[in-house]
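Per-entry structural report
The primary structure of each chain is shown beneath.
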Amino acid sequence: MRFPDQPIYSGWDAPSRVEADIMELEADGEIPLDLRGRYYQVAPDSQFPNRTGDDVMFNGDGMLRMFTFADGHVDYRSRFVHTEKLKLERAARRSLYGAYRNPYTDHHSVSGRSRGTANTNVVLHAGKLLVFKEDARATWVDAETLETHGEWDFDGQVSSPTLTAHPRFDPTTGEMFTFGYEAKGLASRDVAYYVLDVHGKLKHEVWFEAPYTSLIHDFVVTDDYVVFPVEPTTTDLDRLKAGGRHWLWDPTKETYLGVMPRYGTADQIRWYRGPARSTYHYFNAYNEGTVIHMDGCVAEAQTASFMYPDTLGEERDLTMTVRRITRWTVDYSAEDGKAFEERVLKPEFAEFPLIDDRVETFRHRYGFIGARVLNDDGGEQNFRGLNSVQRYDFQEQRVVGQYGMPMGRSFQEPVFVPRGDDATEGDGYLLALVNDWDTMLNDLLILDTANLAAGPVATLHLPLRLRGGPHGSWVPEHLVQAP
Ligand code: V55
Ligand code: FE
């Protein structure tokens, strides 16, 4: 077996496949004693080269990582998520599943089996550690050993075969809001929306049809409303049957925001319209009466054409693919079909929006983002991703803190940890994995949000290269112990 010499299997993205246990990571600086809990993160890490001879990052097998913090010490553990896919392919010692989200490219022996890779996000809800991939059910994993229990349908309460990797939470009630799209089969327009209470009991369920089938990666929930963004990254069943790509960018389509009361019904959804846009992630949203403000990292077009070619076969103007902090405002008292408003708050590239989760669904003042800033030599250091993290103040609409790294390093998405239960919004730490392209190893930085520019208060050194992981979450110690 040999991974082909291709960009997706090279450089930082060369598969690592290392399941490790490291007690006591090496550290510089002072690890804050008030950091007690676990940082979980997940990344696509291909066990085998894809049978099609080609692949995209998003198709790798989920590798779960856990950093355990206590008393100024940090231990590390990583394990593959043992999905049905991983188990079948390991048994065969080769790839059986084909292209990203196209089962028509699979080996016949896995026909009808789960294609879930559990590689996008990991959260704790109702005492269960859940790993997500948006085209499959959740996977339940042991929060301590990282052993995989298997796919989890919430005790039979969630029938959708797909579930977003970006559930939302109400921090006052502990409710989890989630949805699946393409929920009645490949390329279907159906969306299933669920609210589960703090104990994991189903509280609300709605099924509805979107105006067209699209990649709905993230959504937002406010105190009173839920918003489903439908943007023109589209799919088509005939194309899939012909072995084509799941997603193409269709710039002829409009963006729709489907707004519904939080516990509403399908007939209450109103669709508000705007120009073609591409967003993966939102900070948060809140409502003032019927007026909803949602903040995200929005581009005028989907990421470069090599990932998402155009339905028209046109090359993309790369300036249109720059994601910027953008506010969408929509009034639910307006009629269905009316326009939503858009305001770009910050013109420079930004991605991986974060807030202090303790204000989720309510008005947020601070956000954190990954950004690319200019080097000392004046050149834009966008060579390999994000080289800085910034703290953004939505009230003053400006950057109020920043840490930029030396050349040759890039960030993975950070997580925010409040300094304590009484800490003010946004006051605490950012934990951020850093890819060091000189050593080809990772550090984990602990940054103090009160003074990002001062640089890390502590740096943990890993003797490993960790492939880029999309998302993770911090779980405080007292919640890890929950049943
Ligand atoms: C994203 C990531 C995915 C995916 C679809 O960040 C969208 C966006 C890691 O997998 O399948
Ligand atoms: Fe995501």
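Let me sum up the structure you'll find in this document. Bear in mind the structure is a predicted one, so any value in this text is a computation, not a measurement. Within every chain, residues take consecutive numbers counted from 1 along the sequence as written. For naming, the first written chain is A and the first written ligand is 1, with later ones following in the order written. Local features in this predicted model are restricted to residues of pLDDT 70 or higher, and side-chain atom pairs are both shown and tallied only at a pLDDT of 80 or more, whereas totals for entire chains, interfaces and linings draw on every residue. As a convention, hydrogens and water are excluded, and side-chain values are obtained from all of the structure's heavy atoms.

Digging into the overall build of the protein chain
Numbering of helices and strands starts at the N terminus; helices are DSSP runs of H or I of at least 4 residues and strands are runs of E of at least 2. When helices and strands are counted, the protein chain shows 3 helices and 33 strands. What the globule rule says is 2.2 Å times the number of residues to the power 0.38, and the radius of gyration is computed from C-alpha atoms. The C-alpha radius of gyration of the protein chain comes to 21 Å, within 12% of the 23 Å expected for a compact globule of 483 residues. Taking the principal axes of its C-alpha atoms as reference, the protein chain extends roughly 55 × 55 × 50 Å. Accessible surface area values rest on a Shrake-Rupley calculation with a 1.4 Å probe, where residue burial reflects the displayed protein chains alone. Roughly 19,200 Å² of accessible area belongs to the protein chain as shown, and the carbon and sulfur atoms make up 49% of that amount. Two residue types count as positive, namely Lys and Arg, and two as negative, namely Asp and Glu; His and chain ends fall outside the count. Where a charge sits is defined by one atom per residue type, namely NZ (Lys), CZ (Arg), CG (Asp) or CD (Glu). For the protein chain, the centre of its 50 positive side-chain charges and the centre of its 74 negative side-chain charges are spaced 4 Å apart.

What to know about the coordination of the iron ion (ligand 2)
Coordinating N, O and S atoms are those within 2.8 Å of the metal (3.2 Å for Na, K and Ca), and as water is not part of the atoms, a site may appear to have fewer donors than expected. H166 (NE2), H217 (NE2), H281 (NE2) and H471 (NE2) make up the full set of protein donors to the iron ion (ligand 2), lying at 2.0 to 2.1 Å. The geometry test gives tetrahedral to four donors whose angles all lie between 85 and 135 degrees, gives square planar to four donors and octahedral to six donors whose opposite members are over 155 degrees apart with all other angles between 65 and 115, and gives irregular to the rest. Between the 4 donor atoms coordinating the iron ion (ligand 2), the angles at the centre fall across 92 to 163°, so the site counts as irregular. Written as a sequence motif, the donor arrangement for the iron ion (ligand 2) is H-x50-H-x63-H-x189-H. Within this pair, whereas H281 is found in strand β20 (residues 278-288), its partner H471 is found in strand β33 (residues 471-476), the two being separated by 190 residues in sequence. For H471, a relative accessible area of 4% translates into the label buried. Exposure classes here rest on a 1.4 Å probe applied to the protein chains alone. A residue is buried below 20% of its type maximum, exposed above 50%, and partly exposed in between.

Focus: empty space enclosed by the protein
Grid points spaced at 1 Å and placed over the protein atoms alone form the basis of the search, with a cavity being a set where a 1.4 Å probe fits but cannot get out and a pocket an open set showing protein on both sides within 12 Å along at least five of seven lines. Lining residues have an atom within 4 Å of a point. Grid points are joined across faces, edges and corners, and a volume is the space filled by probe spheres set on the points. Counted under the stated rule, the structure contains 6 cavities of 30 Å³ or more. Here the largest cavity defines a volume of roughly 60 Å³. Lining the largest cavity are S46, F48, P49, N50, D55, N59, G60, D61, K85, E89 and S95. Across the lining of the largest cavity, the residue classes tally to 2 nonpolar, 5 polar and 4 charged. Residues are sorted three ways: Asp, Glu, Lys and Arg are charged, Ala, Val, Leu, Ile, Met, Phe, Trp, Tyr, Cys and Pro are nonpolar, and all the rest, Gly among them, are polar.

Quick word on the site of ligand 1
Close contacts around ligand 1 come from F58, Y100, N119, T120, K133, E134, H217, Y280 and P470, and that covers them all. Here an oxygen atom of ligand 1 and a side-chain polar atom of Y100 are 2.6 Å apart. Under this definition, polar contacts are N or O atom pairs within 3.5 Å; protein pairs additionally need one hydrogen-donor-capable and one acceptor-capable atom, and for neighbouring residues in sequence, both atoms have to be side-chain atoms. A distance of 3.3 Å is found between an oxygen atom of ligand 1 and a side-chain nitrogen or oxygen belonging to T120. A per-class count over the shell around ligand 1 returns 4 nonpolar, 3 polar and 2 charged. Being near a molecule or strand, for a residue, means having at least one of its heavy atoms within 4 Å of it.

Considering the pattern of salt bridges
In the sections that follow, a salt bridge refers to a side-chain nitrogen of Lys or Arg positioned within 4 Å of a carboxyl oxygen of Asp or Glu. Under the counting rule described, the total for this entry stands at 33 salt bridges. Its salt-bridge partner being E182, residue R101 comes within 3.6 Å of it at the nearest N-O pair. Of this pair, R101 sits in the loop between α1 (84-92) and β6 (121-125) while E182 sits in the loop between β11 (176-181) and β12 (190-196); the two residues are 81 residues apart in sequence, bridging distant segments of the chain. The salt bridge involving R323 is made with E351; its shortest N-O contact spans 3.6 Å. With R323 in the loop between β21 (291-299) and β22 (324-331) and E351 in strand β24 (residues 350-354), the pair connects residues that are 28 residues apart, well separated along the chain. Taken as a pair, R323 and E351 share a single burial class, namely buried. Through salt bridges that share partners, D170, E175, K203 and R262 make up one connected network.

Points about the sheet that holds strand β10 (residues 168-169)
A pair of strands is considered paired only if DSSP assigns at least 2 bridges between the two. Spatial strand order, β10-β11-β12-β13: 4 strands in an open sheet with antiparallel pairing. Looking at strand neighbours, the two that pair on one side only are β10 and β13 (202-209), the edges of this open sheet. With 2 bridges joining them, β10 and β11 adopt antiparallel strand pairing. Bridged to F169 within β11 is M176.

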